[in-house]
Amino acid sequence: MDLQKYEYSTNDNYLEFEFDSEGPKGKTRKVIQYTPYNSNGVTYFSLSFGNLDPTTGKIDTLIVTNNNDREKTLATVAATVLKFTQRFPDMMVYAIGSTSARTRLYQMGISAYWNEIDSLLYVYGYQENKGWKPFRKDVNYQAFLIKRK
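Trainee: Describe the pattern of salt bridges, and please don't skip the residues or the numbers.
Mentor: Taken as a whole and judged by the stated rule, the model has five salt bridges. Between Asp-20 and Arg-29 there is a salt bridge, and its shortest N-O distance comes to 3.5 Å. A relative accessible area of 22% means that Asp-20 is categorised as partly exposed. When salt bridges with common partners are traced through the structure, they connect Glu-18, Asp-20 and Arg-29 into a single cluster.

See the structure below:
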């Protein structure tokens with residue numbers, strides 16, 4: 001995927017990435033965190049994404065920036081997923097939007113670049129009452145699991 005993306009930095013353990021979104025609202029610090037969890041003996045990492053709150057130092061996952069750079073921002077988040085899964089190829093990444101609209105946005109991004117994604121990653125979608133299934137472009141999901149091929 002040769003998409004325009006922001007330059008980002010990461011910490012030594014590749015669990016936190018940061019970049020600056022730039023647009024009509026100015027410069028906004030964005031943070032992507034990968035947090036380990038264990039469920040039924042399976043370790044996975046949950047992806048959190050949002051603006052850095054300069055007062056608390058925490059990620060605000062609900063704020064709407066409207067900096068007219070959605071595609072570039074999502075491409076940057078996707079680039080960190082690729083970097084993270086390159087560093088930890090046996091780990092799964094769990095991704096869900098902080099709202100259903102944001103989850104839908106993730107799904108639209110996956111669908112739009114599915115041919116490129118499918119060559120690099122296993123992607124599973126979650127549906128209530130059906131569980132985890134391999135991703136299909138024509139199905140709506142509530143969450144995603146991603147693993148390096």
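There's more to say after this.
Trainee: Before we move on, can you summarise the packing of aromatic side chains with the specific residues and values?
Mentor: A complete count under the given rule lists 17 aromatic pairs for this structure. Taking 5.5 Å as the distance between ring centres and 65° as the angle between the ring planes, the aromatic pair formed by Tyr-8 and Phe-17 counts as edge-to-face. Owing to a relative accessible area of 27%, Tyr-8 belongs among the partly exposed residues under this scheme. The interplanar angle of 10° and the centroid separation of 4.3 Å between the aromatic rings of Tyr-34 and Phe-84 together place this pair among those described as stacked. A residue pair is termed long-range when its members are at least 10 positions apart, and Tyr-34 in strand β3 (residues 26–39) and Phe-84 in helix α1 (residues 70–87) qualify at 50 residues. Residues Tyr-34 and Phe-84 agree in their burial class; the two are buried. An aromatic cluster of at least three residues, connected via ring pairs, comprises Tyr-8, Tyr-14, Phe-17, Tyr-34, Phe-45, Phe-84 and Phe-88. Positioned over the ring face of Tyr-6 is Lys-72, at 4.3 Å from the centre of the ring.

Parameters at a glance
Residues numbered from 1 in each chain as written. Predicted model: local features only at pLDDT ≥ 70, side-chain atom pairs only at ≥ 80, totals over all residues. Heavy atoms only, no water. Salt bridge = Lys/Arg side-chain N within 4 Å of Asp/Glu carboxyl O. Buried < 20%, exposed > 50% of the residue type's maximum accessible area, 1.4 Å probe, protein only. Phe/Tyr/Trp six-rings, centres within 6.5 Å; stacked < 30°, edge-to-face > 60°. Helix = DSSP H or I, 4+ residues; strand = E, 2+ residues; numbered from the N terminus. Lys NZ or Arg CZ within 6 Å of the ring centre and 35° of its normal.

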